[in-house]
Each structure stands twice: as structure tokens, then as C-alpha cells.
Amino acid sequence: MAEQGLSPRRDGKIHRLLAWYDRHRRDLPWRARPGETPDPYHVWLSEIMLQQTTVATVGTYYRKFLELWPTVETLAAAPREDVLKAWAGLGYYARARNLHACAKVVAEELGGRFPDSEEGLRALPGIGPYTAGAIAAIAFDRPAAAVDGNVERVMTRLYAIETPLPDAKPEIRSRTLALVPERRAGDFAQALMDLGATICTPKRLNCMICPWTEDCAGRKSGIADGLPRKKEKAERPRRKGIAFWVERQDGRVLLRERPDKGLLGGMMEIPSTEWAASVARPEVQAPLDAKWTRTGKRIEHTFTHFHLELDIWSTRVLADTDVPDKSARWVHKSELDSEALPSVMRKIVDQMR
DNA sequence: CATACGTGGAC
DNA sequence: TGTCCAAGTAT
């Protein structure tokens, strides 16, 4: 719960931020206009998509999802496969699996209504501390803190917090909570994020036009642009593999569904060897016995935690060739676009088709 | 708590 | 070309 606004200094800060927001708020597809009542479904859908994903990228997907599934009930009723297809290319596919699971819970167990408390929201799949706070504040105007990367940047600068992330998280959270106003909590949350996205940016910050420029301890001490500090990340190892492009005489290619958990879980793939530091005995790992051609083609792809290099081998098989196992399907080359293929797999398709 | 989990754009 | 990063969550 937010503290009461007893300090004039605090009230002034909140007022300056909200006044700035009223003039400079971004007009975003999922954002209710002033005076409109936010739709919790819209808020939820956008917040899930925006996790670690840019506003520019989300726009297209958000509109597509709303067109396909205008309500949480329609989304819940959709086959999961369709949801994964629509999500393909957005990344972090656990989000899509959880999105569908969450829609089912809300539609089938909660009467189609999202919980209006952080605690209730937090219990749903795919909703963590940030998203619970964001939905509570934005959709229900509850005085909750929504601490995302923007807010972490703004707060570490505003209070000159030099502790590196993630150790600084508790302090950032309590600092944010102490500022959340009783009224207009949703606008406050969005204002903080807009401030971080447009003024208090990672580089080339624009303190000159910041509503908090006089309040900012980081600016006063000249360390703002170096905040937040972050612990060093582990380096990305390089992995290799071989992708097997199997084309049947009728123009269909072999696709395989990935296991439900882990990397690209539940998505479709071009069959490949394991992805490891080195590739051992590729023929043994091929989806079927065939005479393989080393195409000389190669794709490279960088995941969050490793870099991948896939050489492409190909073969042609007879039109009556059956699928090697139950997770595999033949899909015509002209229909690959509508499959749930993640970007790394699209790179292979683009090379071969 | 550290790690797994995608992608595309900016510099 | 390589690195960083963008409205984080689950385990």
C-alpha cells in the first residue's frame, strides 16, 4: 500500500510528473484515452507482450491478437496452436503458453474478470511482481508500484542509488512505493515509464526537459548517465548444429514440434542435431536415413544466453515417405508462413525456399 | 539467488 | 561485428 502524501516535497514531485504526463503522454494502441475506462483484458495482453519487448515490436502483434481474439473468452477458447502461431516471432514463448493458460483460468474459473488486486493477479500464470503491479494500477487504479526497467533507471538516478542491480531492487521498490499516489495511481505508473522511455533514457538522457530535473540526486552529483549500475553478465557461449531440410517430391518439407518445455517450447522447428559446442555424428541424429547434401548454407542466430551457428543439410525423398515420428508433420513450402516457426527457424526457411 | 528464456534495433 | 538493451517470469 502506498504511504499517505504528507510531505509537500513528495506531493510536488508527484504533481510535476502527472502534469508532465498530461501534456506528453505517449498515445499507444493499448492505452485508454483520458476519460476512458481501461479494459483489463487490453492492459493484461499488452503488459504480457511488453515484457522485455519494445513498444515498436509489440504494436503489430497487439492489434493482430485483438482482431483474432477480442475478448478473454475468445482467447481462452482458441486452440493453443493458433495462439503460438500468432505469437511466432515475438520471442520468449513461455509467455504465449502462459497467456493462453491465464486466459483459460480467467474465462473459465473467474467469470471472465481479471482480479483487481496484486495478490490475485500474481497467482495467474505469466504474471509476476511487475505485471501484477502494472495491471492493478493501470486497469484498476489501485495504488500499486509497477517497477520495470524504466522505473529502475529513473529511481536509481533520482535517488543516486549506486548499488548494482539486482541488489538494488528492494530499495528501488520501496522508493517507488513511497511515491505512489492514492489518486491517479495508474497514470503515475504510466508516467514513470514514459519518463524512462522518452527522457530518462539509457543514453543521451534529456535532463533539460525533465519534470524532476531539480529533484534528481543523480544529476546533481553528475553520475546519472552511469546509472543504474549492473552486475556483469556471463558471456554467451557459441553452439553449433546441423539443420536437416527434408523436401518431399510433392513440395512438402518436414517440420517437427519441439517439446513443451525449455527453449522454443511448443514451437515448430526444422529438425536438427543437438546444439552443442561441437557436432558429433550428424547422420545418427538426422530425422531419417537419407543421402544428405551439404548445402554450404548456414544461418547464425543469437539467443539470450548463447550464439548458434546452424549448417544446413538437405535431401529429397519420395512423395509417399511417411513422417519419422509423431511429433513430425509434412508442410507444403507455400504454407510455412502460417506455421508457429520462431525466428531462428524462419532464417532457415528463408535460405532454402 | 543465479540462470534459462527470443528477438530486432541502435550504436 | 559485437554489445546492449526493451513494460520480466519461472524455477
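Residues numbered from 1 in each chain as written. Chains lettered and ligands numbered in written order. Predicted model: local features only at pLDDT ≥ 70, side-chain atom pairs only at ≥ 80, totals over all residues.

## Side note on the protein's contact with DNA strand B
Among the 20 residues in the neighbourhood of DNA strand B, the closest are listed as G91, G262, T304, P342 and S343. At the level of secondary structure, the elements contributing two or more residues to the surface near DNA strand B comprise β4 (293–302) and α14 (343–352). (Near = placed C-beta within 6 Å. Helix = DSSP H or I, 4+ residues; strand = E, 2+ residues; numbered from the N terminus.)

## Points about the packing of helix α2 (residues 40–50) against helix α8 (residues 129–140)
Between two packed helices, what matters for the description is the angle formed by their axes and the separation of those axes. Contact pair α2 / α8: the axes reach a minimum separation of 10 Å and the direction vectors enclose 150 degrees. Classed by the angle they form, the pair α2 and α8 counts as roughly antiparallel. As for the relative orientation of α2 and α8, their crossing is right-handed in sense. On α8, the residues touching P40, V43, W44, E47 and I48 of α2 are T131, A134, I135, I138 and A139. (Axes fitted to C-alpha atoms, helices over the stretch in contact; angles between N-to-C directions. Parallel < 35°, antiparallel > 145°, perpendicular 65-115°, else oblique. Left-handed = near helix turned anticlockwise from the far one by under 90°. Contact = placed C-beta atoms within 7 Å.)

## Here's the deal with the protein's contact with DNA strand C
The environment of DNA strand C is made up of 25 residues, and the closest members are L50, G128, T131, D148 and P202. Elements supplying a minimum of two residues to the surface near DNA strand C: α2, α8, α9 (149–158) and α11 (185–198). Considering every element that reaches the surface near DNA strand C, the biggest residue donor is α8, with four residues. Each residue belonging to the surface near DNA strand C can be placed in one class, and the counts come to twelve nonpolar, eleven polar and two charged. (Nonpolar A, V, L, I, M, F, W, Y, C, P; charged D, E, K, R; others polar.)

## Let's talk about α8
In this model, α8 (twelve residues) spans 16 Å end to end at C-alpha, consistent with the 16 Å of a helix rising 1.5 Å per residue. Here α8 lies mainly inside the structure; nine of its twelve residues are buried. The complete set of buried residues in α8 reads T131, A132, G133, A134, I135, A136, A137, I138 and A139. Packed against the buried residues of α8 are α2, α7 (118–122) and α11. D141 occupies a position one or two residues after α8 and carries a positive phi of about 55 degrees. (Expected span 1.5 Å × (residues − 1). Buried ≥ 20, exposed ≤ 12 C-beta atoms within 10 Å, placed from the backbone.)

## Regarding unusual backbone geometry
Along the chain, L165 connects to P166 via a cis peptide bond; the corresponding omega equals 5 degrees. Note on placement: P166 falls in the loop between α9 and α10 (169–177). Here the residue pair L227 and P228 is connected by a cis peptide bond, since its omega of -5 degrees sits within 30 degrees of zero. With respect to the helices and strands, the residue P228 is situated in the loop between α12 (217–220) and β1 (238–248). Unusually for a residue other than glycine, D141 sits at a positive phi of about 55 degrees. Mapped onto the fold, D141 is located in the loop between α8 and α9. Positive phi is not limited to glycine here, since R204 has a value of about 45 degrees.

## Side note on the environment of H305
Relative to the assigned elements, H305 resides in the loop between β4 and β5 (307–317). For H305, a count of 11 C-beta atoms within 10 Å corresponds to the exposed category. Along the primary structure H305 and P237 are separated by 68 residues, whereas in three dimensions their C-alpha atoms are 7.4 Å apart.

## Considering the domain arrangement of chain A
For chain A, the assigned domains read domain 1 (8–226) and domain 2 (238–352). Domain 1 and domain 2 are separated by 37 Å when their C-alpha centres are compared. Taken together, the contact pairs eight residues of domain 1 with ten residues of domain 2. Secondary structure elements with two or more residues in the side of domain 1 that touches domain 2: α5 (80–87) and α6 (94–109). Here the element with the most residues in the side of domain 1 that touches domain 2 is α5; it accounts for three residues. Split into classes, the residues belonging to the side of domain 1 that touches domain 2 amount to four nonpolar, one polar and three charged. (Domains from an automatic or database assignment.)

## What about the nonpolar core?
Core analysis: the biggest nonpolar cluster contains 81 residues, and I135 and A189 have the highest contact counts within it. Both of domain 1 (8–226) and domain 2 (238–352) provide at least three residues apiece to this core. Excluding anything up to four places from it in sequence, I135 contacts P40, V43, W44, E47, F114 and L121. (Core = buried A, V, L, I, M, F, W, Y, C linked by C-beta atoms within 7 Å.)

## What to know about the packing of α5 against α6
Look at α5 against α6: their axes get within 9 Å of each other, and the N-to-C directions meet at 140 degrees. Regarding the angle of α5 to α6, the classification is oblique. The two elements α5 and α6 meet at a crossing, and its hand is right-handed. Where α5 abuts α6, its residues R80, V83, L84 and W87 lie against A96, L99 and H100. Partitioned by chemical class, the residues of the contact of α5 with α6 number five nonpolar, one polar and one charged.

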